[in-house]
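Chain residues, written in single-letter form:
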Amino acid sequence: MLETQMAPHDLRRQYKRPAISDQQRRRELSLRRQEQNRRDAQLQARRLASTLLSLEHASGSEDIELVPEPEPEPDSQTE
Amino acid sequence: IAAIEIPQKQWPALIGTLLANMTQRESHAGLKQATLETFGYVCEEISHRDLEQAEVNNVLTAVVQGMNFADNTVEVRLAATKALYNALDFAETNFQNEMERNFIMKVVCETCMSKEVEIRQAAFECLVSIASTYYEVLEPYMQTLFELTSNAVKGDQESVALQAIEFWSSICDEEIELQEFDPESGESGAPHSRFIEKALASLVPMLLETLLKQEEDQDQDDSIWNVSMAGGTCLGLVARTVGDSILPLVMPFVESNIMKPDWRCREAATYAFGSILEGPSLEKLSQLVQSGLDFLLKAMKDENNHVKDTTAWTLSRIFELLHNPAGGFSVVSAENLERVVQILLEGIQDAPNVAEKVCGAIYYLAQGYEDAGPASSVLTRYIPSIIDCLLKTANRADGGDLKLRSSAYETLNEVVRCSNIVETSSIIAQLLPAIMEKLSSTVELQIASLEDREKQGDLQASLCGVLQVIIQKLSSVDETKTVVLQTADQIMVLFLKVFACRSSTVHEEAMLAIGALAYATGTEFERYMQEFYRYLETGLQNFEEYQVCAITVGVVGDICRALDGKVLPYCDRIMDLLIKDLSSEELHRSVKPPIFSCFGDIALAIEEHFEKYVPYALQMMQGAAELCARMDTSDDELIDYANQLKRSIFEAYSGILQGFKDSKSEIMLPYAQHLLQFIETVFRDKQRDESVTRAAVAVIGDLADALGPNTKLLFREKSFYVEFLGECLESDDEQLKETATWTKGMINRIMVS
């Protein structure tokens, strides 16, 4: 501890020599794609439920608040 | 030993014994030096609260007296100054007391003028640390500190001058943070003293002066750090701190130096210009950059390597900060783009240090066109030659420590990712076999040493990264997805060979690429599973490189969605490993939320077959939910983690409930009450994140949908949901509103049943 000089902050060294790396970005983009895919999969299951509900409603159940069929979402774009 | 025993009050005599070493007249210098070093170690390890305030005072007095010039040898004063550096946090109470603070500051400032370089450097290191730890009490000392640092920057040895510049960089850090927290200042309670603004007129000329003190070869050696580099870095921070008002102080320097015959002047002018591109307003900067761009493009042909290096860096900063076609603004137009690209592609053939900075410029140039819609078309015609040049650059033999090669590949990724896929599909489709061939040849490489192995790993990691980006890009559109499907077998064979070479970075990159491939191929992925499974298992057991583990968990999710029920044969072992991961104290906590989400993915894929995992999975989920409720709500990082955890627990419930819905929903009945209880706790949490809200509302709907009338009573008891749904239905977030409407419909259905 006492022998080591306080080195200039490593971040400062990066100022004019930034390492070009998008590894972190690749991770994040994959994560985003996975989250989007998961949401789509779960939404798909919920849409099926909604469709059934609308059918039930159409066949005569009363006093149920109408649940609108959600609009299909635009295709997931992870780029 | 003291660090352990003092907080437990098990060594009360220590401080007194050490103090005696300092005060007894017969103590020789060696003993004092050793004692001061010990104080330094101890103060760094313990808190001032671990001692009586009187003891803290005595320790600091001893340290500060050790710095006294008249009474002590050089060695003792140096040890004392270093001890003070380590004891600054420890001196918190003393810094709050004006008289004591004045005294400490006086001694430090005197020590900054000591005859010995090493002591001066240590004293300036103390000032740097004081700048960030005690920013709010510095006002009365700033005049003196400016004079001290200014003299050091202008005339002292480099090691001291560097610390003096670092002092101002630290002040900038503090002020930037204050501004980011609360741009108007005042509300947060922390005072913004505007030291940089007040010192600006003298500070900026002092920093500009440093820029002219370059060393030959400084750009060829990444380990060099000198006054001119530190000065430019500080200038960049000053620009971010004060914005527009730096421009009139810097621009005359730029203009008067940029044409001078001495390369140092031209380089310094360019470095100064590049450094002030972040902070000032777009309005002011765009005018300056529009007129300076042409000059910079010409300067890429300068006779001097450093000038070209700094010019290329400045261009990369310009494209990073002032080129945003998607946002409707850019200094690059359809008219000057051709010249820009031409200059960059010539520059990339220059010396490795220049070529690497040019890669950065291309990286940000391409990035600007991401999500730019039709505006991105202007780049399309240049993409083949850009890709070609980047591949040639990656192949260059003079890439030094391989940094250039990696930069070229990373830039290639950005070019592919940000390109307009409809227009570039055939170019990218051609790139795929070219990269596969390169990766294939790395597998055949002769490995004779550890170094060879490392080089092979780096190259494979880069190439797997490129493949991932290409696969993801091509899969994003139906027309080009077929290219991936047709090549999937060969890609997978290649990845399996790469896995067999073993290197964790490569595993991570290859794993990411395989996730993208599974998404693209869907059910077809089944035929790779038998071979691939063991690497999946290795990844899930990689506690040490937790990123590999986290990525692998994500890929399990991809595979579940791709294979649906066909993933079943692998689930026993996967679930076993996931449960072990969750139970592990060794595994980084950031991997745990994705595991819960993954439970949901598995359950949704294998539906009723998830039944046998329910007792284990739910036990984990309930345990984590309870942990969330107990978490410290004052720590920002923990709040963030708790939000991730909550969201992932809800995602797990959603997947499981939906998976069981058509067959065995009653399995989840015993868990319904606990789930609703947890949702209520989350609902009442004031720091609730939007994404948590969305997941919570969705899971209420899933509960009602899957368990139906069985939950009627439960919902009656837990009427908080009415308020919760009301809040969501009033939200501006369309997606949240849609989910809340759906959930409301599901609950209404059971209430009227």
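First things first, this report covers the structure right here in the doc.

Scoring rules and cut-offs
- Residues numbered from 1 in each chain as written.
- Chains lettered and ligands numbered in written order.
- Predicted model: local features only at pLDDT ≥ 70, side-chain atom pairs only at ≥ 80, totals over all residues.
- Heavy atoms only, no water.
- Helix = DSSP H or I, 4+ residues; strand = E, 2+ residues; numbered from the N terminus.
- Buried < 20%, exposed > 50% of the residue type's maximum accessible area, 1.4 Å probe, protein only.
- Areas by Shrake-Rupley, 256 points an atom, 1.4 Å probe, with all protein chains shown as cover.
- Lys, Arg positive; Asp, Glu negative; His and termini not counted.
- Charge placed at Lys NZ, Arg CZ, Asp CG, Glu CD.
- Contact = heavy atoms within 4.5 Å.
- Axes fitted to C-alpha atoms, helices over the stretch in contact; angles between N-to-C directions.
- Left-handed = near helix turned anticlockwise from the far one by under 90°.
- Nonpolar A, V, L, I, M, F, W, Y, C, P; charged D, E, K, R; others polar.
- Phe/Tyr/Trp six-rings, centres within 6.5 Å; stacked < 30°, edge-to-face > 60°.
- Lys NZ or Arg CZ within 6 Å of the ring centre and 35° of its normal.
- Buried area = accessible area lost by both parts, 1.4 Å probe.
- Salt bridge = Lys/Arg side-chain N within 4 Å of Asp/Glu carboxyl O.
- Polar contact = N/O pair within 3.5 Å; in protein donor to acceptor, adjacent residues only side chain to side chain.

### Digging into the overall build of chain B
(1) Moving on: Within chain B, the regular secondary structure consists of 36 helices and two strands.
(2) Moving on: Across its three principal directions, the C-alpha atoms of chain B cover 90 × 70 × 60 Å.
(3) Moving on: Residue burial in chain B is summarised as follows: out of 753 residues, 59% are buried.
(4) Moving on: Here chain B has roughly 31400 Å² of accessible surface; of this, 50% comes from carbon and sulfur atoms.
(5) Moving on: Across chain B, the centroid of the 62 positively charged side chains sits 2 Å from that of the 115 negatively charged ones.

### Some points on the environment of leucine 337 of chain B
Residue and element names in this part refer to chain B.
(1) Moving on: Structurally, leucine 337 is set in helix α17 (residues 337–347).
(2) Moving on: A residue is classified by how much of its surface remains accessible, and leucine 337, at 1% relative accessible area, is buried.
(3) Moving on: A sequence separation of 198 residues divides leucine 337 from tyrosine 535, and the C-alpha atoms of the two residues are 45 Å apart.
(4) Moving on: Setting aside residues no more than four positions away along its own chain, leucine 337 makes contact with Val332, Leu365, Tyr369, Val378, Leu379 and Tyr382.

### Focus: the packing of helix α31 (residues 636–660) of chain B against helix α32 (residues 669–684) of chain B
All names here are of chain B.
(1) Moving on: The contact between α31 and α32 brings their axes to 12 Å, and the two run at 150°. Note on packing geometry: the crossing formed by α31 with α32 is left-handed. Where α31 abuts α32, its residues Lys646, Ile649, Phe650, Tyr653 and Leu657 lie against His674, Leu675, Phe678, Ile679 and Val682.
(2) Moving on: By residue class, the composition of the contact of α31 with α32 is eight nonpolar, one polar and one charged.

### Observations regarding the packing of aromatic side chains
(1) Moving on: Across all of its chains, the model carries 19 aromatic pairs over all chains by this definition.
(2) Moving on: Ring centres of tyrosine 15 of chain A and tyrosine 271 of chain B lie 6.3 Å apart, and the angle between their planes is 45°; on these two criteria the pair is classed as tilted. With one member in each of two chains, tyrosine 15 of chain A in the loop between α1 (10–13) and α2 (23–58) and tyrosine 271 of chain B in helix α14 (residues 263–275) form a pair that bridges those chains. In this structure, tyrosine 15 of chain A and tyrosine 271 of chain B share a single accessibility class: buried.
(3) Moving on: Aromatic pair phenylalanine 525 of chain B and tyrosine 528 of chain B: ring centres 5.4 Å apart, planes at 80°, arrangement edge-to-face.
(4) Moving on: Site record: aromatic cluster; members linked through ring pairs are Phe499, Phe525, Tyr528, Phe532 and Tyr535 of chain B.
(5) Moving on: Taking the ring centre of tyrosine 271 of chain B as reference, the NZ or CZ of lysine 16 of chain A above it sits at 5.6 Å.

### Here's the deal with the interface of chain B and chain A
(1) Moving on: In this complex, chain B contributes 94 residues to the contact, which on the side of chain A involves 48 residues.
(2) Moving on: Of the roughly 6100 Å² buried between chain B and chain A, counting both surfaces, carbon and sulfur atoms make up 49%.
(3) Moving on: When the area that chain B buries against chain A is broken down by residue, the three leading residues are Trp225, Arg417 and Gln472 of chain B, summing to 10%.
(4) Moving on: Here chain B is connected to chain A by 16 salt bridges.
(5) Moving on: Glutamate 414 of chain B serves as the salt-bridge partner of arginine 25 of chain A, at 2.7 Å between the closest nitrogen and oxygen.
(6) Moving on: For the interface between chain B and chain A, the tally reads 27 residue pairs in polar contact (both at pLDDT 80 or more).
(7) Moving on: If you tally residues by element for the side of chain B that touches chain A, the top one is helix α36 (residues 734–751) of chain B, at nine residues.
(8) Moving on: When grouped by side-chain class, the residues that make up the side of chain B that touches chain A number 23 nonpolar, 36 polar and 35 charged.

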